[in-house]
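Take a look at the letters that make up each chain.
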Amino acid sequence: MTPRLDYHALAPRSAKALAQFSFTAGGGLDQRLKELVNLRISQINGCAFCIDMHWAALVAQGMEPRQLNALPGWREAHRFFDAPLRAALRWAEAVNAIPQRTPTDEDFEEVKRHFGDAEIAELTFSVTAIRAWNALNASFHTPVPEQPYRAG
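Residues numbered from 1 in each chain as written. Predicted model: local features only at pLDDT ≥ 70, side-chain atom pairs only at ≥ 80, totals over all residues. Heavy atoms only, no water.

> Help me get a handle on the overall build of the protein, residues and values and all.
A count of helices and strands for the protein gives eight helices and zero strands. In sequence order, the protein lays out its α and β elements as α-α-α-α-α-α-α-α. Against the 2.2 N^0.38 benchmark of 15 Å for 152 residues, the protein shows a C-alpha radius of gyration of 15 Å, consistent with a compact globule. Viewed in the frame of its principal axes, the protein has a C-alpha envelope of about 45 × 30 × 30 Å. Split into buried and exposed, the 152 residues of the protein put 37% on the buried side. Across the protein, the fraction of contacts at a sequence separation of at least 24, relative to all contacts at a separation of at least 6, is 68%. Within the structure as shown, the protein displays about 8800 Å² of accessible surface, and the carbon and sulfur contribution to it stands at 56%. (Helix = DSSP H or I, 4+ residues; strand = E, 2+ residues; numbered from the N terminus. Rg over C-alpha atoms; globule rule 2.2 N^0.38 Å. Buried < 20%, exposed > 50% of the residue type's maximum accessible area, 1.4 Å probe, protein only. Contact = heavy atoms within 4.5 Å. Areas by Shrake-Rupley, 256 points an atom, 1.4 Å probe, with all protein chains shown as cover.)

> How would you explain the pattern of salt bridges if you had to name every residue and give the values?
The final tally for this structure, using the stated rule, is seven salt bridges. Of the charged contacts in the structure, one is a salt bridge between E93 and R40, with a shortest N-O distance of 2.8 Å. Taken as a pair, E93 in helix α6 (residues 83-96) and R40 in helix α3 (residues 31-45) lie far apart in primary sequence, 53 residues in all. Note on accessibility: E93 and R40 belong to one class, buried. A salt bridge links R101 to D107, with the nearest nitrogen and oxygen atoms 3.1 Å apart. When salt bridges with common partners are traced through the structure, they connect R90, R101, E106 and D107 into a single cluster. (Salt bridge = Lys/Arg side-chain N within 4 Å of Asp/Glu carboxyl O.)

> Give me the lowdown on the packing of aromatic side chains, citing residues and values where you can.
Inspection of every chain in the model, using the stated rule, returns five aromatic pairs. Centre to centre, the rings of F80 and F81 are 6.4 Å apart; their planes meet at 70°, and the pair counts as edge-to-face. Of the residues examined, F81 reaches a relative accessible area of 0% and is grouped as buried. Ring pairing ties together the aromatic residues Y7, W133 and F140, which thus form one cluster. (Phe/Tyr/Trp six-rings, centres within 6.5 Å; stacked < 30°, edge-to-face > 60°.)

> Help me get a handle on unusual backbone geometry, residues and values and all.
A cis amide bond links I98 to the next residue, P99, at an omega of 15°. With respect to the helices and strands, the residue P99 is situated in the loop between α6 and α7 (105-114). Look at H141: it is not a glycine, yet its phi comes out positive at around 55°. In this structure, H141 sits in the segment after α8 (117-139).

> For the environment of A25, give the residues involved together with the corresponding values.
Relative to the assigned elements, A25 resides in the loop between α2 (12-24) and α3. What makes A25 buried here is its relative accessible area of 4%. Separated by 124 residues in sequence, A25 and Y149 have C-alpha atoms that sit 19 Å apart. Ignoring sequence-local partners within four residues, the contact set of A25 consists of K34, E122, F125, S126 and A129.

> An account of helix α4 (residues 48-60) is requested, with residue identities and associated values reported.
With 13 residues, α4 should cover 18 Å at 1.5 Å per step; its first-to-last C-alpha distance of 18 Å lies within 8% of that length. Those residues of α4 not exposed but buried are F49, C50, M53, H54, A56 and L58. Against the buried residues of α4 lie α3, α5 (65-70) and α8. Positive phi shows up at G62, right after α4, with a value of about 95°. (Expected span 1.5 Å × (residues − 1).)

Shape descriptors only; they carry no functional weight alone.
In C-alpha cells form, the structure reads like this:
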C-alpha cells in the first residue's frame, strides 16, 4: 500500500498530544500487560505498524515468541495466559468492540475479580489510546518501517 499522508507532519500538535496521552494511559499497569493489550487490539484492528511495534517491544522485554504467537488464541492458551491476563484481554476486546457491542456485566465482573477500579480505568484508557493510533495508521496506510519503531 502507498502511504496516504503523514499525519505527524500535517497535524503535529494533535500527534504530540496523542503520543502524550498514549504514554500516560495505562501508567498504573504492568508494562508487559499494557504491551500485550496494545498488540492484541492492534491485531484485531489490522494495524500492521502497531503490531510490529508492540511485538518488538514484547520481544525486547524477553517474551517468548511462542507466547506471542498464541496471543490471538488467548482464550484457549491457558499455558501462556493466566486468569488475570485473560480477564484483561477479555475486557480490552470488549471495549474495543464498541459500538458493535458494549462490554457486558459479565465482562466487567471478570476483570473486577483480578484488578482494582483504578487499574480497570487505566486499562480502558490504554485501549482507547491504541484504538486511536490504529485508526490513524490504518486509515493513512502508515508503512511498517525497516526496523521496528520504538516509542519514546
